[in-house]
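Residues per chain are reported as follows:
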Amino acid sequence: RVPEIDVVLGPQYANRVGELVQNALDSGAQLCATQPVHISEDLSVARRDSRVTAWINVIYGCNERCTYCVVPATRGLEQSRSIAAIKNEIRAVAAQGIREIVLLGQNVDAYGRDLTP
C-alpha cells in the first residue's frame, strides 16, 4: 500500500529481520510478517548495561484487550517462557556476577497460564 516500505514485521520476527529484509530485496516485493507465531525462545541477545541488575523476560505479549493499549495487536498473545529457560538465563547472569534479577513481562501475573503442566 505504501511503496516506500519494503518490510513490515512484528516483534515476534525480530530474530529474522535480516532474512526478511533480504527476501524482500531479492524478490522486489513488499513483505508483511505480522502473523502470530509461537516464540520458541529468546528473540535476541539481551543487552546488559548494569553490573548489578539483570532484566529477564518471563512472558511475552498480553491477552487483555484494554481500550487504551496496543500490546495485544503489536506484541501478540501471551507466551510464557519455560521455567528451564528462565532458570538457565538466571544462572548465566549470576555466574557473571549479577546480584539482582528483575522478571519482566507486559502482564507478569499471567505467567504460566499458557503452559501445560
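Residues numbered from 1 in each chain as written. Predicted model: local features only at pLDDT ≥ 70, side-chain atom pairs only at ≥ 80, totals over all residues. Heavy atoms only, no water.

Novice: For the pattern of salt bridges, give the residues involved together with the corresponding values.
Specialist: One side chain can pair with another of opposite charge once the charged atoms of both are near each other. As enumerated under the stated definition, the model contains 4 salt bridges in all. The partner of R113 in a salt bridge is E64, with the nearest N and O atoms 3.7 Å apart. One end of the pair, R113, is in the segment after β6 (100-104); the other, E64, is in the loop between β4 (59-60) and α2 (71-75), and 49 residues separate them in sequence. By relative accessible area, R113 is classed as exposed at 54%. (Salt bridge = Lys/Arg side-chain N within 4 Å of Asp/Glu carboxyl O. Helix = DSSP H or I, 4+ residues; strand = E, 2+ residues; numbered from the N terminus. Buried < 20%, exposed > 50% of the residue type's maximum accessible area, 1.4 Å probe, protein only.)

Novice: Quick one: what's the story with helix α3 (residues 83-95), residue by residue and with numbers?
Specialist: It helps to recall that an α-helix has 3.6 residues per turn; residues three or four apart then point in one direction. An ideal rise of 1.5 Å per residue puts 18 Å on 13 residues; α3 measures up with 18 Å between its terminal C-alpha atoms. Residues of α3 that are buried: A85, I86, E89 and V93. Viewed end-on, α3 has its buried residues packed into an arc of 100°, placing them on one side of the element. In α3, the exposed positions that point more than 90 degrees away from the buried face belong to R91 and A95. Residues of α3 that are buried in the fold lie against β3 (53-57) and β6. Positive backbone phi, at 95°, marks G97, one or two positions downstream of α3. (Expected span 1.5 Å × (residues − 1). Arc of directions from axis to C-beta. Contact = heavy atoms within 4.5 Å.)

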